[in-house]
Amino acid sequence: MKLPRFDYEAPATVAEAVELLAAHEDQASVLAGGQSLIPLLALRLARPAVLIDINGLGELSGVSVTDGFVTIGALTREFAAEESATVADAVPLLAAALPLIGHEAIRSRGTIGGSMAHADPAAELPAVARALDAEFVVRGQSGDRVIPAAEWFEGYLTTSRRSDEILLEVRFPAVMPGTGVAFQEIARRHGDFAIVGLAASLTLDDGAIGDARLAFAGLADVPVRAAEAEAFLVGQRPSAGLFEEAARRATAGLDPPADLHGSSEYRKKIAATLVRRGLQAAARNAGERQ
Ligand SMILES: Cc1cc2nc3c(=O)[nH]c(=O)nc-3n(C[C@H](O)[C@H](O)[C@H](O)COP(=O)(O)OP(=O)(O)OC[C@H]3O[C@@H](n4cnc5c(N)ncnc54)[C@H](O)[C@@H]3O)c2cc1C
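What you see is a predicted model, and the numbers here were worked out from it, not measured in a lab.

Novice: Can you walk me through the site of the ligand in this structure?
Specialist: Near the ligand, the surroundings consist of 30 residues, among which Val-30, Gly-34, Gln-35, Leu-37 and Thr-111 are the closest. In the environment of the ligand, an oxygen atom lies 3.2 Å from a nitrogen or oxygen atom belonging to the backbone of Gly-102. Thr-111 is positioned with one of its side-chain polar atoms (N or O) 2.6 Å from an oxygen atom of the ligand. Within the complex, the protein chains bury 89% of what would otherwise be the 970 Å² of accessible surface of the ligand. With four residues, the single largest contributor to the shell around the ligand is helix 7 (residues 112-118). Across the shell around the ligand, the residue classes break down as 14 nonpolar, twelve polar and four charged.

Now the structure itself:
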């Protein structure tokens, strides 16, 4: 499908990109991998006057580790993160989620920052960011801000990024010893967006659960943490009965939206199944990683 008309800018520096964003206010869109933005343009669901192509900003790509955090540049391709030994070792939940995004061709263009800035509630990476309490570093005309994941995702395809700000990087806390992870989802076909997805992480301390994290994709207009179920799990020893009760608590207050992929009730049932499966898989993974 033919795209609508737009002006095109390719800044050479982050500072130039910020200046361009500020000059065009909310009439500009950042172009990263284009895997979400270009379809939105084609479908006339977005009509920016200007595209600001950040693909020339090499400083926004790469993975590094400092002070217990793994920092991933916004322009890092999803496939590059998937291939990163640092990500596999230090953010295994992210490593588990990445191969579930679309297909390799999409991940070779799509970026970590693009997925987080696009904020599709059915996407895998936002759920991982919520589960791990990742931080988002943005730069605008008034300087840099660090935004916790709980405040980043504001609604359907909406984040707390201001229109003059560019997402620079996403920081994930490095995994604690004794942690097992799993990303589980139900999709119609491999590579499709999940109907419901779950990011699960369990940290075992002497056989008991010291930390539990559960975040859903596809159940609301933002990724959803199951805080009550997490608190219930802490201090207990993993068992099928415990995970069954956690699944009940995680889904009790949910009222997921219905669409052509499934009713609200169906989504809720899937969510409970994913919690049981996700916790079992995370507990197994904790054992394997020890
Ligand atoms: C066929 C197909 C299947 C897919 N399946 C899945 C799937 O199963 N799961 C999934 O999660 N995703 C899926 N995707 C989307 C894919 O993950 C995208 O790559 C991702 O959502 C957006 O990344 P991008 O780099 O392509 O961003 P773009 O499309 O370039 O941008 C997306 C949005 O983010 C903004 N943006 C991008 N980078 C920045 C930045 N640094 N600062 C500020 N704003 C920025 C853009 O302005 C735009 O609004 C699929 C895509 C396709 C085409």
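Novice: Explanation requested: helix 1 (residues 14-24) in the structure shown.
Specialist: Note on helix geometry: an α-helix contains 3.6 residues per turn, so any two residues three or four positions apart are oriented the same way. Listing the buried residues of helix 1 in full gives Val-14, Ala-17, Val-18, Leu-20, Leu-21 and Ala-22. Check the buried side of helix 1 and you find it contacts strand 1 (7-9), strand 2 (28-31), strand 3 (50-53), strand 6 (135-140) and strand 10 (166-173). Positive backbone phi, at 45 degrees, marks Glu-25, one or two positions downstream of helix 1.

Scoring rules and cut-offs
Residues numbered from 1 in each chain as written. Predicted model: local features only at pLDDT ≥ 70, side-chain atom pairs only at ≥ 80, totals over all residues. Heavy atoms only, no water. Near = heavy atom within 4 Å. Polar contact = N/O pair within 3.5 Å; in protein donor to acceptor, adjacent residues only side chain to side chain. Areas by Shrake-Rupley, 256 points an atom, 1.4 Å probe, with all protein chains shown as cover. Helix = DSSP H or I, 4+ residues; strand = E, 2+ residues; numbered from the N terminus. Nonpolar A, V, L, I, M, F, W, Y, C, P; charged D, E, K, R; others polar. Buried < 20%, exposed > 50% of the residue type's maximum accessible area, 1.4 Å probe, protein only. Contact = heavy atoms within 4.5 Å.

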